[in-house]
Amino acid sequence: MDCPLTSLYTDGQRYRKAYQVYLEHSNKVQHMQDFSKNLLPDIMFSTIKGKSQINVMGVGSGSGELDLEMLSALHLKNPNVMVENEVVEPVAQQISKYKDLVSQTPGLDHIKWNWNNMTVQEFEKDWKEKERTKKFDFIHMFEALYYVKDREATVRFFQSLLNKNGKLMISMMVGDSGWAKLDKTYSHRFFPSGGSYGIIDVVKQYLDSKGVSYQSYLLPSEIDITECFTEGNEEGELLIDFLTEVLNFKKSAPPEVKAGVLDLLQHPDCSVKSNGKIMFNYHSEVVVVEQLS
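Residues numbered from 1 in each chain as written. Predicted model: local features only at pLDDT ≥ 70, side-chain atom pairs only at ≥ 80, totals over all residues. Heavy atoms only, no water.

Student: Can you lay out helix H1 (residues 12–25) for me, pointing to particular residues and giving the numbers?
Tutor: Here H1 is 14 residues long and its end C-alpha atoms lie 20 Å apart, about the 20 Å a rise of 1.5 Å per residue gives. Packing partners of the buried residues in H1 comprise helix H2 (28–38), helix H9 (178–190), strand E7 (222–224) and helix H11 (234–244). (Helix = DSSP H or I, 4+ residues; strand = E, 2+ residues; numbered from the N terminus. Expected span 1.5 Å × (residues − 1). Contact = heavy atoms within 4.5 Å.)

If you want it as structure tokens, here you go:
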């Protein structure tokens, strides 16, 4: 039986608080930082080689921490290359934080910044209406595809913006992760008109169907969800809101649904219990795609 609930995204302030709790309880950011430092420069070597400037775009860049990690890693290996960086981010407060971070971070004089306070769909519409012809050497979309309905069309659009040897980098959760199991089991019940369920497997199936070659990198990640099981714990309630995408999940969900979600969260298929903590599996994968042939 469906139990329509209110989406967390209807309350911007609570969403931002929940997202911050997620970042504090997850090792995903650390794994992405390691990826940026250890793998990204080699992935981008053939794209940057021989160039004095590259065009970069971050789609869904948030407050910019990961963007700066990637840009710094690329600069370390290519110190003489200038960068024009296009930022696409729908939340104005996040762009403000990003700008503050840039102003407080030394060594960014080689980067020119262009700011786009837009959703992915708004950016694509604006780009086409203005008939812009600019091409990019590196476009990264970390978790941005969760928020679009036609993911295949979105991938095609950003792939069409790549320069020769350019790279489009997409990151989403894998289909057998705990979070994917939670989303697949309950998203359609919470939001009968359509939840945000999306996994990297769908993107790879599309690329395979079109004969598009890509490289993939698995990023095993975990979220400490222990506090979700402590009644009245504010951070636990924010975290479960973020995981379910439901506003005030513990207060608004029917008792049987709440019990079912809590059981699934700690099920051995989704989590590991270690040292008194419950670590929820959120494995994701990075796919690197080249320009349209």
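Student: Before we move on, can you summarise the sheet that holds strand E1 (residues 53–59) with the specific residues and values?
Tutor: Here we have seven strands laid out as an open sheet, ordered E3-E2-E1-E4-E5-E10-E6, and mixed in their pairing. Taken across any chain shown, the strands that pair with only one partner, and hence form the sheet edges, are strand E3 (111–116) and strand E6 (214–219). With direction set aside, neighbouring strand axes in the sheet form an average angle of 15 degrees. Across six bridges, E6 lies against strand E10 (residues 284–290) in antiparallel orientation. (Pairing = 2+ DSSP bridges. Axes fitted to C-alpha atoms, helices over the stretch in contact; angles between N-to-C directions.)

Student: Describe helix H5 (residues 65–77), with residues and values.
Tutor: Taking 1.5 Å per residue as the helical rise, H5 with its 13 residues ought to reach 18 Å, and the 19 Å between its terminal C-alpha atoms agrees with that figure. Buried residues of H5: Asp-67, Leu-68, Met-70, Leu-71, Ala-73 and Leu-74, and no others. (Buried < 20%, exposed > 50% of the residue type's maximum accessible area, 1.4 Å probe, protein only.)

Student: Account for the side chain of Asn-78, naming residues and giving values.
Tutor: On the secondary structure map, Asn-78 appears in the loop between H5 and strand E2 (82–88). Since its relative accessible area comes to 18%, Asn-78 is described here as buried. Within the structure, Asn-78 has its side chain in polar contact with the backbone oxygen of Leu-74 (distance 2.8 Å). (Polar contact = N/O pair within 3.5 Å; in protein donor to acceptor, adjacent residues only side chain to side chain.)

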